[in-house]
Amino acid sequence: MCLAVPGKIISLKNGDAEVDFNGVKRAVSLDLVPDARKNDYVLVHAGFAIQVLEPKEAEETLKLFEEIYGKDHGDALSGPLSHIKP
Amino acid sequence: MKNSPAAQRFSSPLWRDRALAASALSEIERLSAVAAQKTGGQVNFMEVCGTHTMAIAASGMRRLLPKGLRMLSGPGCPVCVTSQGDIDRVLALAAVPGAIITTFGDMMKVKGSRGLDLNSMRERGADIRVVYSPLDAVAIAAAGPGRQVVFIGVGFETTAPVIAGAVARAKKAGLKNFSSTAFFKLVPPALELLLSDPENRIHGFMLPGHVSAIIGTEPYRFVAEKYRVPCVITGFEPLDILTGINMLLKQVVSGKPSVEDEYFRAVRKGGNPAAVNIMAEVFSVCAASWRAIGTVKATGLEFSKAYASFDAVKRFRIPYCDAPEPKGCLCGKILLGKALPPDCPLFGKACSPSSAVGPCMVSSEGACAAWFKYGN
């Protein structure tokens, strides 16, 4: 039930946004992310955007996976996993 | 969005890459052997969130994990933790003459103590509609002011702000015919419940990504500091989950529990303050009744004084009656990580998704439904 899906804000109208989910478009409330702007990526749960996503952080995560688990990965105990911190 | 490189980062096949997953699994194998020495043989981690339970089951990774490492499903499926007494209240609301009941689909098949569910109430003529968003329910109320519209609000900190947002909109629009239940539960106090149990044998928590997108990382600090149990907030892609397990193992091995954030592309330290604020405006912390656990103070949310008129239970004067849980059903133990679905004598026999006895089989993200569907 806590499912949330990323999508891109393609237009804004009175606090609501039209969000593109890989080709499927839906109206989404921005009441919980008042700073979200057009072209931002948002995480959407039950019709509301609940967080703005940074594509560069997704890219960073994927890069970390490749570094840790890729062919020439080192020791994960001392490796890049330790960079993932709150 | 399909052609945009930024979008591809969120839907990249790399999140499910086989070679990387195989390498992640061998790392788990290696680390869990070391961690097992620290824990005395068996390593038990709990995925608290039902969405993780489903993602783990659907990926098939459970059977690839080393034998000494067990992933237990926690009390994070909203339908599963809703007490039988609250389920009976949902069914009582569905019996209010002329009311339109709106709900997420997961609630439709949960049986009350008299064997009825929302599906069977609908067959008997009740107007029950499955909606995607509580805003759809507000729109139904706005379009037909002559009828009462009730939204069945259950869930955790991911869903509570969304329903708070819908209620705030209904208030702003001056809607007199919209109300909701507030059968909400809070994740950090649920963890404290598990941890304060003397029989607790959980060595690490895979924390819910989307609850944490709202509340941030700080509310979990007590788990690591007071109870010395490792925590990793984790995303929902297969590689997120395998990495979350590796990070938990690493904490067990190092003996230095902390709250780490693997899902930092969505979870910030401070969470989402706007969502937390609206949740605190519309709801206030209260005692909540949990399936198999009972009523525990300060573990749930109810309507605040300012929004009390939107409380469906008060508007239609629906009393709370304690009701027994289904006989022989082990949902309670499963929710607490004390049993796995196949331990239940009803599992796969008297209880299956087509004729479910307990809510862990009813809910699509319940631990029993996940085990049944994906054959873990």
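Residues numbered from 1 in each chain as written. Chains lettered and ligands numbered in written order. Predicted model: local features only at pLDDT ≥ 70, side-chain atom pairs only at ≥ 80, totals over all residues.

So, about the interface of chain A and chain B. Tallying the contact residues gives 41 residues for chain A and 54 residues for chain B. Counting only elements with at least two residues in the side of chain A that touches chain B, the list comes to β1 (5-13), β4 (41-45), β5 (48-53) and α1 (55-69) of chain A. Top element by residues in the side of chain A that touches chain B is α1 of chain A. It accounts for 9 residues. Tallied by class, residues from the side of chain A that touches chain B come to 24 nonpolar, 9 polar and 8 charged. (Contact = placed C-beta atoms within 7 Å. Helix = DSSP H or I, 4+ residues; strand = E, 2+ residues; numbered from the N terminus. Nonpolar A, V, L, I, M, F, W, Y, C, P; charged D, E, K, R; others polar.)

For the rest of this paragraph, the subject is the environment of Glu57 of chain A. Secondary-structure assignment places Glu57 of chain A in helix α1. The exposure class of Glu57 of chain A is partly exposed, given the 16 C-beta atoms found within 10 Å. Taking the C-alpha atoms as reference, Glu57 of chain A lies 14 Å from Leu43 of chain A; in sequence the two are 14 residues apart. Residues in contact with Glu57 of chain A, not counting those within four places in the same chain, are Phe264 and Arg265 of chain B. (Buried ≥ 20, exposed ≤ 12 C-beta atoms within 10 Å, placed from the backbone.)

Glancing now at the environment of Val276 of chain B. Among the secondary structure elements, Val276 of chain B is positioned in helix α13 (residues 273-282). Setting aside residues no more than four positions away along its own chain, Val276 of chain B makes contact with Ile214, Ile215 and Gly271 of chain B.

This brings us to the pairing of strand β13 (residues 294-303) of chain B. Residues and elements named next belong to chain B. Pairing of strand β8 (residues 183-185) with β13, which is carried by 2 bridges, proceeds in the antiparallel orientation. Considered in β13, the bridge of Lys185 is made with Gly300. Count of turn residues in the strand β12 (residues 283-290)/β13 antiparallel hairpin: 3 residues, of which Ala292 carries a positive phi of about 70°. (Pairing = 2+ DSSP bridges.)

Next up on the list: the confidence of the model for chain A. Averaged over every residue, the pLDDT of chain A is 85; the share at 70 or more is 80%. Predicted confidence for residues 74-83 of chain A stays below pLDDT 50, and this span has 14 contacts to residues more than four positions away or in other chains. (pLDDT = per-residue confidence, 0-100.)

Here we come to the sheet that holds strand β7 (residues 178-180) of chain B. All names here are of chain B. Pairing within the open sheet is parallel, and its 4 strands lie in the order β4-β3-β5-β7. Edge positions in the sheet fall to β4 (127-130) and β7, since each of these pairs with one other strand and no more. Between one strand axis and the next, the sheet turns through 25° on average, direction left out of account. Here strand β3 (residues 100-103) pairs with β4 via 4 bridges, running parallel. Each bridged residue has a counterpart across the sheet, and for Ile101 the counterpart in β4 is Ile128. (Axes fitted to C-alpha atoms, helices over the stretch in contact; angles between N-to-C directions.)

Here we come to unusual backbone geometry. Residues other than glycine seldom take positive phi values, yet Asn22 of chain A does so here, at roughly 50°. Among the structural elements, Asn22 of chain A can be located in the loop between β2 (16-21) and β3 (24-29). Here the phi dihedral of Ala298 of chain B falls at roughly 55°; this positive angle occurs in a residue that is not glycine. Inspection of the secondary structure puts Ala298 of chain B in strand β13.

Our next topic: the sheet that holds β12 of chain B. Strand order in the open sheet formed by 4 strands is β6-β8-β13-β12 (chain B), with mixed pairing between adjacent strands. If you trace the sheet from one side to the other, it starts and ends with β6 (154-155) and β12 of chain B, each paired once.

To continue, consider the environment of Arg315 of chain B. Residue and element names in this part refer to chain B. Here Arg315 shows up in helix α14 (residues 312-315). For Arg315, a count of 19 C-beta atoms within 10 Å translates into the label partly exposed. Along the chain, Arg315 and Arg221 lie 94 residues apart, while their C-alpha atoms are 38 Å from each other.

So, about α13 of chain B. Because an α-helix completes one turn every 3.6 residues, residues spaced three or four positions apart along the sequence face the same direction. Taken as a whole, α13 of chain B has its buried residues at Ala275, Ile278, Met279 and Val282 of chain B. Within α13 of chain B, the buried residues cover an arc of 100° as seen down the axis, which keeps them to one side. Lining the buried residues of α13 of chain B we find β5 of chain A together with α8 (159-172), α10 (209-215), β12 and β13 of chain B. (Arc of directions from axis to C-beta.)

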